[in-house]
Amino acid sequence: MERVKGYEQRIIQVNGDTVKCSGENNDHPLVYLKIPHEGYAVCNYCDILYERKEKEYGGPKGAEPTRYGTWENKGREVDF
């Protein structure tokens, strides 16, 4: 199938192995997709491609430290 000129593939990386999609503007029915370990899943309605995020090795444990706008290092929080 040929795409229209200017079409860009939308790729979304997720943490889990399942994802729910209802389109970018909630423009199609809610569908649940299962992402295989090595690969990706594509929504048949909106062609959004979902793939798993690679695991981070050597990073901080727990929640992402930049989530709250601060960085924790050895028990101290540092604002950037």
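You'll find the structure just up there.
Summary of the structure given here. Numbering of residues starts from 1 in every chain and runs along the sequence as written. Owing to the predicted nature of the model, reporting of local features is limited to residues with pLDDT of at least 70; listing and counting of side-chain atom pairs is limited to 80 or more, with chain, interface and lining totals taken over all residues. Here the side-chain values reflect all heavy atoms present in the structure, with hydrogen atoms and water set aside.

1. Details of the environment of Leu-49
Step number 1: The helix and strand labels rest on DSSP assignments: H or I over at least four residues marks a helix, E over at least two residues marks a strand, and numbering proceeds from the N terminus. As for its placement among the helices and strands, Leu-49 is situated in strand 5 (residues 49–52).
Step number 2: Under the relative-accessibility criterion, Leu-49 is labelled buried at 11%.
Step number 3: Separated by 36 residues in the primary sequence, Leu-49 and Gln-13 have C-alpha atoms spaced 8.6 Å apart.
Step number 4: Leave out the neighbours within four places in its chain, and Leu-49 touches Gln-9, Arg-10, Ile-11, Ile-12, Tyr-40, Ala-41 and Val-42. Note on classification: 1.4 Å probe, protein chains only; a residue is buried when its accessible area is under 20% of the maximum for its type, exposed when over 50%, partly exposed between these limits. Any two residues having at least one pair of non-hydrogen atoms within 4.5 Å are treated as being in contact.

2. Brief notes about the pattern of salt bridges
Step number 1: Only one rule defines a salt bridge in this text: a Lys or Arg side-chain nitrogen within 4 Å of an Asp or Glu carboxyl oxygen. Taken as a whole and assessed by the stated rule, the structure comprises 2 salt bridges.
Step number 2: The partner of Glu-24 in a salt bridge is Arg-10, and the shortest N-O contact between them spans 2.5 Å. Here Arg-10 lies in the segment before strand 1 (11–14) and Glu-24 lies in the loop between strand 2 (18–21) and strand 3 (31–34), a separation of 14 residues in the sequence.
Step number 3: When its relative accessible area of 39% is taken as the criterion, Arg-10 is described as partly exposed.
Step number 4: Note that Asp-17 is salt-bridged to Lys-34, the shortest N-O span being 3.3 Å. Separated by 17 residues along the polypeptide, Asp-17 in the loop between strand 1 and strand 2 and Lys-34 in strand 3 bring together distant segments of the chain.

3. Concerning the sheet that holds strand 5
Step number 1: Taken in spatial order, the 3 strands of this open sheet run 1-5-4, and their pairing is mixed. Each having just a single partner strand, strand 1 and strand 4 (40–42) make up the two edges of the open sheet. Adjacent strand axes in the sheet meet at a mean angle of 25 degrees, parallel and antiparallel pairs treated alike.
Step number 2: At least two bridges found by DSSP between two strands is the condition for calling them paired. In this sheet, strand 5 lies alongside strand 4 in antiparallel orientation, the contact comprising 3 bridges. Directly across from Ala-41, in strand 5, lies its bridge partner Tyr-50. Where helices are involved, their axes are fitted lines through C-alpha atoms of the stretch in contact, as for all axes, and angles between N-to-C directions lie from 0 to 180°.

4. Considerations on the state of the cysteines
Step number 1: Only a pair of cysteine sulfur atoms within 2.5 Å counts as a disulfide in this structure description. Counted according to the given criterion, the structure contains 0 disulfides.
Step number 2: With no disulfide of its own, Cys-21 has Cys-46 as its nearest cysteine by sulfur position, at a separation of 3.6 Å.
Step number 3: Residue classification places Cys-21 among the buried positions, given a relative accessible area of 2%.

5. Regarding the nonpolar core
Step number 1: What is meant by a nonpolar core is a set of buried Ala, Val, Leu, Ile, Met, Phe, Trp, Tyr and Cys residues, joined one to another through side-chain atoms within 4.5 Å. Membership of the largest hydrophobic core is limited to 10 residues, which are Val-14, Val-19, Cys-21, Val-31, Leu-33, Ile-35, Ala-41, Cys-43, Ile-48 and Tyr-50.
Step number 2: Contributing elements (two or more residues each) for this core: strand 2 and strand 3.

6. Concerning the environment of Lys-20
Step number 1: Within the secondary structure layout, Lys-20 lies in strand 2.
Step number 2: Overall, the relative accessible area of 54% leaves Lys-20 in the exposed class.
Step number 3: With 30 residues separating them in the primary sequence, Lys-20 and Tyr-50 have C-alpha atoms 9.9 Å apart.
Step number 4: Once residues lying within four places of it in the same chain are set aside, the contact partners of Lys-20 are Leu-30, Val-31, Tyr-32 and Tyr-50.

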